[in-house]
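# Structural overview
The primary structure of each chain is shown beneath.
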Amino acid sequence: MASFVGLVLAAGHGKRMKSALPKPLHPVAGIPMIDHVVGSLVRSGASRVVVVVGHGGELIEEHLAGRAEIVWQREQLGTGHAVLAAGPAFDGYDGNILIVPADVPLLTSESLQQLVEEQSGSASDATILSMCVDDPTDYGRVVRDSKGNVAAIVEHCDATEEIRAIREVNTGVFCFDSRTLFNALPRISTDNKQGEYYLTDVIAIMISQGLSVRAVALKDASEGLGINSRVELSKAEQIMGDRKRREVMESGVTLIDPATTFIDASVEIGSDTVIMPFTIIAGNSKIGGSCNIGPYVYIRDSEVGSGCNIGPFSYLRPGTSLADRVKVGDFVEVKKSTVGEGSKIPHLSYIGDTVMGSHVNIGAGTITCNYDGETKHTTIIEDGAFVGANSNLVAPVKVGSDAYIATGSTVTSHVPAGALAIARARQENKDGWVAKRRAARLSKEEK
Ligand code: UD1
Ligand code: CA
């Protein structure tokens, strides 16, 4: 495959998002939009990825941290101006340049590859990635002449009613011969409704120079969705979510109700795991095979081994790692803890900053008291320990292997291996107490 470089346009204001966060950093399926775009470019084989930043550029530069080359567009005067700002980064380069806006997160690397192949195979000077949509509002329209050849791209706000009726639109993605592009680009102007330098104007300029420009349409138009608003963001979330759900089902995972199951793009799940409704698996989570998860489970940035039972109503917070065959039951929260093979935390518990061995049994209502108001402390529970129901383990504390904790204990010091710890008030029974109190009351009333 022909070599090419990638250029991402990420400097714009993203005004329609009405957000303090720069648009390229808004997540879709748990991953910032810019990462989807940069990732697709890298996977499609781009030899370099250059990102133009401007509005909120420091944040984007910091986020990308060495994963792409950064160039600055200090004033955001339009998409054409953004490409001009990146020009010096491609000095002396004469191959193909693939331009992708940062707000098209659903594009696959396959579609990008196909575009580059179309361009190199046909020896065109530019190839536009277009798509045919039912509602073309706000997109630039691909205008063709009577022979069907591309004549221009006309932006929605500059278009006549006749042009607005065209349903083939510009996705914003182009493959250009780099030299040709940077020769023609300085000729664009701000003579349009928005007073901006449009990249799209370079198309008519190139055609007037007798250069060859083609448009190839995406097979699946959902890939070309551009995110300008929160409503479009939610559509992207839906489409990306559907893709992920399909991917995990195709890899052998059962989703009882895909409509109420949310799995971030970066999550991995082993085969024969069954996920029940109203479950969210987010961030960099990794789930083993043959687990039962849900209903109503929320897992974020955690690892779950094979054959685990999680739920209903469980919450695994970042930094949690469960070995194989662990049970985490109803109304249990586990935070930044490791849990060894076969251990059970079946009901109503909080386990935080804990290192738990294998085959531990945690009674209902057990709480690790990990926070003293200033710092977090660690609880260690060794293999085979049995913690009676409604116990408090006040960290830092260690429960040795095979130790027993009596129900209702508040454990504040280490429990040796194999010992029984009873840390609660001893029960005292006062015989005949009720009758005595009643007699005392009656004699008072008589007086
Ligand atoms: C753009 C296209 C339109 C296309 C649509 C597809 C132009 C003029 N219009 O419109 O034909 O149908 O995308 O989604 O290109 N940007 C900069 N610097 C700027 C301005 C924008 O880097 O000065 C970046 C933005 O951050 C964004 C991308 O360019 O990632 C596109 O800008 P946006 O304002 O979203 O363009 P659209 O109006 O969507
Ligand atoms: Ca856009």
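Residues numbered from 1 in each chain as written. Chains lettered and ligands numbered in written order. Predicted model: local features only at pLDDT ≥ 70, side-chain atom pairs only at ≥ 80, totals over all residues. Heavy atoms only, no water.

## A few points about the domain arrangement of the chain
For the record, the criterion: An automatic or database domain assignment is the source of the domain bounds shown. The criterion used for residue contact is that any of the two residues' heavy atoms lie within 4.5 Å. A simple way to read buried area is as the amount of 1.4 Å-probe accessible surface that goes missing from two parts once joined, with both sides added. Within this document, salt bridges are pairs made up of a side-chain nitrogen of Lys or Arg and a carboxyl oxygen of Asp or Glu, the two lying within 4 Å of each other.
When cut into domains, the chain gives domain 1 (4–224) and domain 2 (243–421). Taking the mean C-alpha position of each, domain 1 and domain 2 sit 46 Å from one another. Taken together, the contact between domain 1 and domain 2 spans seven residues of the former and four residues of the latter. The contact between domain 1 and domain 2 buries some 370 Å² in all, and 53% of this surface belongs to carbon and sulfur atoms. Looking only at domain 1, the three residues that lose the most surface to domain 2 are A29, I31 and L106, adding up to 69% of its buried area. Linking domain 1 to domain 2 there are zero salt bridges.

## As for the state of the cysteines
Covalent bonding between the sulfur atoms of two cysteines defines a disulfide. Just so we agree on the cut-off: Throughout, disulfides are identified as pairs of cysteine sulfur atoms within 2.5 Å of each other.
Tallied over the entire structure, the rule returns zero disulfides. C132 carries a free sulfur, and the closest cysteine sulfur to it, the one in C175, is 20 Å from it.

## Considerations on the pairing of strand β4 (residues 49–53)
Note the following rule: Between buried and exposed lies partly exposed: a residue is buried under 20% and exposed over 50% of the maximum accessible area for its type, with that area taken using a 1.4 Å probe on protein chains only. Put simply, DSSP marks the helices as runs of H or I at least four residues long and the strands as runs of E at least two long, and each gets a number from the N terminus on. If DSSP finds at least two bridges between two strands, the strands pair. When the strands point away from the viewer and the path from the first strand over the helix to the second turns clockwise, the crossover is right-handed.
The element β4 is extensively covered by neighbouring structure, given that five of its five residues are classed as buried. Where burial is concerned, the two faces of β4 agree: the one with V49, V51 and V53 and the one with V50 and V52 are both buried. Where strand β1 (residues 4–10) and β4 come together, five bridges link them in parallel fashion. In the sheet register, G6 faces β4, and the bridge partner there is V49. Note that β4 and strand β5 (residues 69–72) share four bridges and pair parallel. Counterpart to V51 in the pairing with β5 is I70. With helix α2 (residues 57–64) bridging β4 and its parallel neighbour β5, the resulting β-α-β unit is right-handed.

## Details of the site of ligand 1
So the rule is basically this: Consider each residue's heavy atoms; a residue with any of them within 4 Å of a molecule or strand counts as near. Identification of polar contacts relies on pairs of N or O atoms within 3.5 Å, with a donor-acceptor requirement for protein atoms, meaning one able to donate a hydrogen and the other able to accept it, and with residues adjacent in sequence counted only if both atoms are side-chain atoms. Surface accessibility follows the Shrake-Rupley procedure with a 1.4 Å probe radius. Residue values consider only the protein chains on display as shielding. Only protein atoms enter the 1 Å grid used here, on which a cavity is any set of points holding a 1.4 Å probe that cannot leave and a pocket is any open set flanked by protein within 12 Å on both sides along at least five of seven lines; residues with an atom within 4 Å of a point are listed as lining. Criterion for pocket placement: a molecule counts as inside a cavity or pocket if more than half of its atoms are within 2 Å of its grid points.
Around ligand 1, the structure places 24 residues, and the nearest of them are L9, Q73, T79, E155 and N170. The contact in question runs from an oxygen atom of ligand 1 to an N or O atom on the backbone of L77, over 3.4 Å. G140 has a polar backbone atom sitting 2.9 Å from an oxygen atom of ligand 1. Relative to its unbound accessible area of 760 Å², ligand 1 is 89% covered by the protein chains. A molecule is said to occupy a pocket when more than half its atoms come within 2 Å of that pocket's grid points, and by this definition ligand 1 occupies the largest pocket. Elements supplying a minimum of two residues to the shell around ligand 1: β1, α3 (79–86) and β10 (168–177). Ranked by the residues each element gives to the shell around ligand 1, the list is headed by β10, at three residues.

## Description of the pattern of salt bridges
Overall, the coordinates contain 13 salt bridges when judged by the stated rule. Residue R214 pairs with E118 through a salt bridge whose shortest N-O separation is 2.6 Å. With R214 in strand β11 (residues 213–217) and E118 in helix α4 (residues 109–122), this pair connects stretches of sequence that are 96 residues apart. Owing to a relative accessible area of 35%, E118 belongs among the partly exposed residues under this scheme. Its salt-bridge partner being R144, residue E168 comes within 2.8 Å of it at the nearest N-O pair. Residue E168 is located in strand β10, and its partner R144 is located in strand β8 (residues 141–144); the two are separated by 24 residues in the primary sequence. Under the relative-accessibility criterion, E168 is labelled buried at 12%. The partly exposed category is assigned to R144, whose relative accessible area is 33%.

## Digging into the environment of V387
Within the secondary structure layout, V387 lies in strand β33 (residues 386–387). Between the C-alpha atom of V387 and that of F331, which follows or precedes it by 56 residues, the distance is 17 Å. Excluding anything up to four places from it in sequence, V387 contacts N361, I362, G363, T366 and I405.

## Brief notes about the side chain of S285
Note on placement: S285 falls in the loop between β16 (279–282) and β17 (286–287). Residue classification places S285 among the buried residues on the basis of a relative accessible area of 2%. Among the polar contacts made by the side chain of S285, one reaches the main-chain carbonyl oxygen of A282 at a distance of 2.7 Å. A polar side-chain atom of S285 sits 3.2 Å from the main-chain amide nitrogen of S302. When near neighbours in sequence (up to four residues on either side) are disregarded, S285 contacts S266, V267, E268, I299, R300, D301 and S302.

## Here's the deal with the coordination of the calcium ion (ligand 2)
Each donor-metal-donor angle in an ideal tetrahedron of four donors is 109.5 degrees, and each such angle in an ideal octahedron of six donors is either 90 or 180 degrees. For the record, the criterion: Sodium, potassium and calcium take a 3.2 Å donor cutoff, other metals 2.8 Å, and in both cases only N, O and S atoms count; water is not among them, so sites may look incomplete.
Protein ligation of the calcium ion (ligand 2) involves D103 (OD) and N228 (OD1), the donor distances falling in the range 2.2 to 2.4 Å. You can see D103 sitting in the loop between β6 (96–101) and α4 and its partner N228 sitting in the loop between β11 and α8 (230–250), a full 125 residues away along the chain. Comparing D103 with N228 shows no difference in burial state: the two are buried.

## Topic: the layout of surface pockets
This is how the line gets drawn: Grid points are joined across faces, edges and corners, and a volume is the space filled by probe spheres set on the points. Three classes are used, and their members are as follows: Ala, Val, Leu, Ile, Met, Phe, Trp, Tyr, Cys and Pro are nonpolar, Asp, Glu, Lys and Arg are charged, and the others, Gly among them, are polar.
Size it by volume and the largest pocket reaches roughly 1200 Å³. In terms of lining, the largest pocket is formed by 39 residues, of which the most central are R16, T79, D103, E196 and N228. Of all the secondary structure elements, the ones that give two or more residues to the lining of the largest pocket are β1, α3 and β10. In terms of residues, the lining of the largest pocket owes the most to one element, β10, which gives four residues. Looking at the lining of the largest pocket residue by residue, the classes come out as 14 nonpolar, 17 polar and eight charged. Around the second largest pocket sit 18 residues that line it, and H36, R43, M240, R243 and A265 are the ones nearest its centre. Residue assignment for the lining of the second largest pocket shows that the elements contributing at least two residues are α1 (33–44), α4 and α8. In terms of residue count, the dominant contributor to the lining of the second largest pocket is α1 (five residues). Within the lining of the second largest pocket, the residues separate by chemical class into six nonpolar, six polar and six charged.

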